[in-house]
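What follows is each chain in one-letter form.
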Amino acid sequence: MSHSTSQSPTQQAWQRLTRSPVTIAAMLTLAFMILICAVGPWFSPYGESDQDLELRATAPSAQHWLGTDPLGRDLATRILFGGRVSLLVGVLATAVAAVIGVGYGLIAGLSGRRTDALMMRLVDVLYAFPFITFVILLVVIFGRQFVLIFVAIGAVEWLTMARVVRGQVLSLKNLEFVLAARASGAGFWHILFKHMLPNVMGPVIIYASLTVPGVMLLEAMLSFLGLGIQPPDASWGVLISEGAASMAVHPWMLIGPSVFFTLTLLALNLLGDGLRDAFDPKSARE
């Protein structure tokens, strides 16, 4: 028996993942961003909302590395606080989408033909609504609180997840191990949790990793439109919106948060591509 065949699929996927220099660089970049956003504000001498009106809109200096905004708040500190919010929204909204989408897709794919058709027609109807309009409607109805924002985003991001999971279930439900489980008397929920859920986790992880940057971009767009995180709280979307309003006069207000946001999105997308190639090596060869 060769060494590769003695390894589990997860171990083989991890080996493929760590063999890619681009993926390693993406993971290190993402880890660095998470680390500095998580612990950086503790070491800052400034608070997120501390104002010094004598230092309004000053350019980067030794005292304020990335400058200050028109209210004299330290921009580097606000970027780190904003990173916490943006990353948290991305992860939590994706988690909401995964829970809804995986559950819905598993039930639809494993159910009978009529139930499956009815459930997927509902997904098609929801797909017909303009995506951003639906999110804006949810935010306007339920408010702009932090928790409701990621719930609203997650409530529309689950649709593609449900389709992905359903497709995986349809390809698995007539395989020998599932038929054997049915022949032995296993019920619907036993097959769903014991056999289907573990076998769809690979595609779920891949799609979730690619959903996080999309969610962060959506939150930034909502904040840019004034429907996301509300000042004086900060997210990268809020800071980019504030910087865009004064970029001709104070360009550092736009450059700082944009660089952090772009690097994080790039790292997340590259990591998602790496996970896809690791868990589905056929896609990398196509």
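It should be noted that the structure appears before, not after, this text.
Residues numbered from 1 in each chain as written. Predicted model: local features only at pLDDT ≥ 70, side-chain atom pairs only at ≥ 80, totals over all residues. Heavy atoms only, no water.

When you go through the protein residue by residue, the secondary structure sums to 11 helices and 0 strands. With the C-alpha coordinates aligned to their principal axes, the bounding extent of the protein is approximately 75 × 50 × 30 Å. In the protein, which comprises 286 residues, the share counted as buried stands at 43%. Within the protein, contacts between residues at least 6 apart in sequence are counted, and of these 70% link residues at least 24 apart. Carbon and sulfur atoms make up 68% of the accessible area of the protein, which totals about 14,900 Å². (Helix = DSSP H or I, 4+ residues; strand = E, 2+ residues; numbered from the N terminus. Buried < 20%, exposed > 50% of the residue type's maximum accessible area, 1.4 Å probe, protein only. Contact = heavy atoms within 4.5 Å. Areas by Shrake-Rupley, 256 points an atom, 1.4 Å probe, with all protein chains shown as cover.)

With that out of the way, let us pick up the packing of helix 3 (residues 75-110) against helix 10 (residues 252-279). In contact at an axis separation of 11 Å, helix 3 and helix 10 are set at 35° when each is read in the N-to-C sense. Of the two elements, helix 3 crosses helix 10, and the hand of that crossing is right-handed. Contacts between helix 3 and helix 10 involve Leu75, Ile79, Leu80 and Leu87 on the former and, on the latter, Trp252, Met253, Gly256, Pro257, Phe260 and Thr264. A breakdown of the residues in the contact of helix 3 with helix 10 according to their chemical character gives 8 nonpolar, 2 polar and no charged. (Axes fitted to C-alpha atoms, helices over the stretch in contact; angles between N-to-C directions. Left-handed = near helix turned anticlockwise from the far one by under 90°. Nonpolar A, V, L, I, M, F, W, Y, C, P; charged D, E, K, R; others polar.)

With that settled, consider the environment of Leu66. Turning to its location among the elements, Leu66 is positioned in the loop between helix 2 (21-43) and helix 3. Considering only alpha carbons, one finds Leu66 and Ala76, 10 residues apart in sequence, at a separation of 5.4 Å. Not counting residues up to four positions away in its chain, the partners in contact with Leu66 are Pro60, Leu75, Ala76, Ile79, Trp252 and Phe260.

A few words on a nonpolar patch on the surface. A cluster of nonpolar side chains, Leu88, Phe146, Val147 and Val151, forms an exposed patch at the surface whose accessible area comes to about 300 Å². Broken down by element, the nonpolar patch gets its largest block of residues, 3 residues, from helix 6 (residues 146-172). (Patch = residues over 30% accessible without salt bridge, like charges linked within 9 Å, V, L, I, M, F, W, Y side chains within 5 Å. Salt bridge = Lys/Arg side-chain N within 4 Å of Asp/Glu carboxyl O.)

Here we take up the packing of helix 2 against helix 3. Look at helix 2 against helix 3: their axes get within 8 Å of each other, and the N-to-C directions meet at 135°. What the angle tells us is that helix 2 and helix 3 run oblique. Here helix 2 runs over helix 3; the crossing is left-handed. Across from Ile34, Ile36, Cys37, Ala38, Gly40, Pro41 and Trp42 in helix 2, the residues of helix 3 making contact are Leu80, Phe81, Gly83, Arg84 and Leu87. In the contact of helix 2 with helix 3, the residues fall into 9 nonpolar, 2 polar and 1 charged. (Parallel < 35°, antiparallel > 145°, perpendicular 65-115°, else oblique.)

Turning to helix 9 (residues 236-245), a few remarks are in order. For helix 9, the complete set of buried residues consists of Trp236, Gly237, Val238, Leu239, Ile240 and Gly243. Buried residues belonging to helix 9 abut helix 2, helix 3, helix 8 (188-224) and helix 10.

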